[in-house]
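Results of the structural survey
Chain residues, written in single-letter form:
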Amino acid sequence: MKKSLVILLAATVGLAACNREKKGPGGLLYTIHHSDSKDKIKEGDIVKMDFVQKNDKDSVFFSTYENGIPQVFPVGKKSYAGDMNDVLYLFAEGDSATFKLNLDTMAFYQKQPKPEPFKNDKYMTFTVKIHKVFKKNANEPDSVFHKRANEYFQKDYQTTMDNMKKAEPAKIKAYIADKGLKTQTTPSGIEYVVVKEGTAEKAVTGDTLMVNYTGSLIKKDAKGKYKVFDSSDEKIAKEAKLQTGGRTFGPTKMVVGGSIPGFSEALTLVGKGGKVTVILPSRLAYGEQPIPQAGIGVNTPLAFDIEIVDIIKGKAPIAAPPVPVAAAPKK
């Protein structure tokens, strides 16, 4: 047998072994997809990782990839064999793995029912990527360790924010290309397409408008669709499985200057009866203030389809309503 073939077979066997599901304590199941064989995570370490949380039906309940920000947290002492901390002890920096926490074991030791979204499931499944394991130096005082960790992760977070902002123009350009839009650009940086001009008279700051709108993210979800996070259209809201809380659909009262900057400006782009599609850079949307219930992360560009139903001239009321944001989609 040729040497190259022997090496190939060895590599294949090694990969298969790495991806074989193993049994752990407390009914835990885990599969290590990739391992750098470094020091394993220990109690007290601070971990930075991305993860996707699913149920037995493979439905995603949470993903750090949606907002592009890995989670950072200290690893605690295990409460029972097979709990969240116990499984992390199996991994090291650079590892990627999938593990299944046994929910019956969790319920038994915590003396509580299974979490509501998982009440009919046997496992809570996580697929993780361990980016960083920040460890305490030998004989290092806790205060020094935590100060050092805080400085490191603050700097790391700022780097993440800067990279996200730098990536925005490319994301917006890709969305425009995918949608086949021929946009114009306002001086502030809004990309827009006038679908219908409407009347010549347009709204200005202080005017009140009746508006139909739909807001969506410009990043495709796991199903290859652009997620709708809010809509005044009942049909669209139901299709997006938004939790509407008994809201009234149809034209919604908006005030120019009473919402996020980009949306307020968008209201002035067409007249009564007009329709416009806008793509807002994050600095004209919610910036670094996420709206988790709507799936809007930090530095997230947004797209809106807007129809101006009516323009009521005059001074805006003191308590101007913001752009409504529906609750998270139903699972």
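Our subject is the structure that appears above.
Below is a short write-up of the structure. Bear in mind that the values here come from a model prediction, so they are computed numbers and not experimental data.

A look at the overall build of the protein chain
Secondary structure assignment for the protein chain yields six helices and 14 strands. Within the protein chain, the proportion of its 331 residues that are buried is 41%. Considering only contacts within the protein chain whose residues lie at least 6 apart along the sequence, 67% involve residues at least 24 apart. Looking at the protein chain as shown, the accessible area adds up to about 18,400 Å², and 55% of this sits on carbon and sulfur atoms.

Looking at unusual backbone geometry
Of note, the phi angle at Asn139 is positive, near 65 degrees, even though the residue is not glycine. If you trace the backbone, Asn139 turns up in the loop between β7 (123-134) and α4 (142-179). In this model, Asn299 sits at a positive phi of 50 degrees, which is unusual for a non-glycine residue. In this fold, Asn299 is placed in the loop between β13 (275-280) and β14 (302-312).

Quick look at the pattern of salt bridges
With the rule as written, the count across this model stands at 17 salt bridges. Of the charged contacts in the structure, one is a salt bridge between Arg148 and Glu140, with a shortest N-O distance of 2.9 Å. Several salt bridges converge on common partners, so that one network encompasses Glu201, Asp207 and Lys313.

Description of α4
Here α4 contains 38 residues, and its C-alpha end-to-end distance of 52 Å stays within 8% of the 56 Å for a straight helix at 1.5 Å per residue. By the largest-angle criterion, Glu168 marks the main kink of α4, which is about 35 degrees, and a proline, Pro169, follows within four residues. Every buried residue of α4 is listed here: Phe145, Ala149, Phe153, Asp156, Thr160, Met161, Met164, Glu168, Ile172, Tyr175 and Ile176. Just downstream of α4 lies Gly180, where phi reads positive at about 65 degrees.

Some words on the pairing of strand β10 (residues 208-220)
Strand direction decides the pairing type here: β10 and strand β12 (residues 252-255), joined by four bridges, are antiparallel. Residue pairing across strands places Thr208 opposite Val255, the latter belonging to β12. Here β10 pairs with β14 via ten bridges, running antiparallel. Within the sheet, the bridge partner assigned to Val211 lies in β14 and is Ile308. Sheet analysis places β10 next to strand β11 (residues 226-231), joined by four bridges and oriented antiparallel. Bridge pairing in β11 links Thr214 to Ser231. The antiparallel pairing of β10 with β11 creates a hairpin that spans five residues between the two strands, and Gly224 there sits at a positive phi of about 80 degrees.

A short note on the environment of Ser35
Relative to the elements of secondary structure, Ser35 occurs in the loop between β2 (29-34) and β3 (46-54). Taking the C-alpha atoms as reference, Ser35 lies 9.9 Å from Ile130; in sequence the two are 95 residues apart. In this structure the side chain of Ser35 is engaged in a polar contact, spanning 3.2 Å, whose partner is the side chain of Asp95.

Details of the environment of Lys77
Looking at the element boundaries, Lys77 is found in the loop between β5 (71-74) and α2 (84-88). Under the relative-accessibility criterion, Lys77 is labelled exposed at 62%. Sequence spacing of Lys77 and Lys42 is 35 residues, and the spatial spacing of their C-alpha atoms is 8.7 Å. Each residue touching Lys77, except ones within four places of it in the same chain, is listed here: Glu43, Asn85 and Tyr89.

What to know about the side chain of Thr277
For Thr277, the position within the fold is in strand β13. Overall, Thr277 belongs to the buried group, its relative accessible area being 14%. At a separation of 2.7 Å, a polar atom in the side chain of Thr277 contacts the side chain of Asp305.

A closer look at the packing of aromatic side chains
Applying the stated criterion across every chain yields a total of 15 aromatic pairs. For the ring pair Phe108 and Tyr109, a centre distance of 5.1 Å and an interplane angle of 85 degrees mean the geometry is edge-to-face. On the accessibility criterion, Phe108 (58% relative accessible area) is exposed. For Tyr109, a relative accessible area of 48% translates into the label partly exposed. Here Tyr175 and Tyr226 contribute two aromatic rings whose centre-to-centre distance is 4.8 Å and whose plane-to-plane angle is 80 degrees, an arrangement assigned as edge-to-face. Taken together, the residues span a long stretch of sequence, with Tyr175 in helix α4 and Tyr226 in strand β11 at a distance of 51 residues. Accessibility classification places Tyr175 together with Tyr226 in one group, the buried group. Three or more aromatic residues joined by ring pairs make a cluster, and in this case those are Phe51, Phe62, Phe91, Phe99 and Phe126. The positively charged end of Lys111 is found above the aromatic ring belonging to Phe108, 5.8 Å away from the centroid.

Quick notes on the rules
- Residues numbered from 1 in each chain as written.
- Predicted model: local features only at pLDDT ≥ 70, side-chain atom pairs only at ≥ 80, totals over all residues.
- Heavy atoms only, no water.
- Helix = DSSP H or I, 4+ residues; strand = E, 2+ residues; numbered from the N terminus.
- Buried < 20%, exposed > 50% of the residue type's maximum accessible area, 1.4 Å probe, protein only.
- Contact = heavy atoms within 4.5 Å.
- Areas by Shrake-Rupley, 256 points an atom, 1.4 Å probe, with all protein chains shown as cover.
- Salt bridge = Lys/Arg side-chain N within 4 Å of Asp/Glu carboxyl O.
- Expected span 1.5 Å × (residues − 1).
- Bend = angle between axes of the 7 residues up to and from the residue.
- Pairing = 2+ DSSP bridges.
- Polar contact = N/O pair within 3.5 Å; in protein donor to acceptor, adjacent residues only side chain to side chain.
- Phe/Tyr/Trp six-rings, centres within 6.5 Å; stacked < 30°, edge-to-face > 60°.
- Lys NZ or Arg CZ within 6 Å of the ring centre and 35° of its normal.

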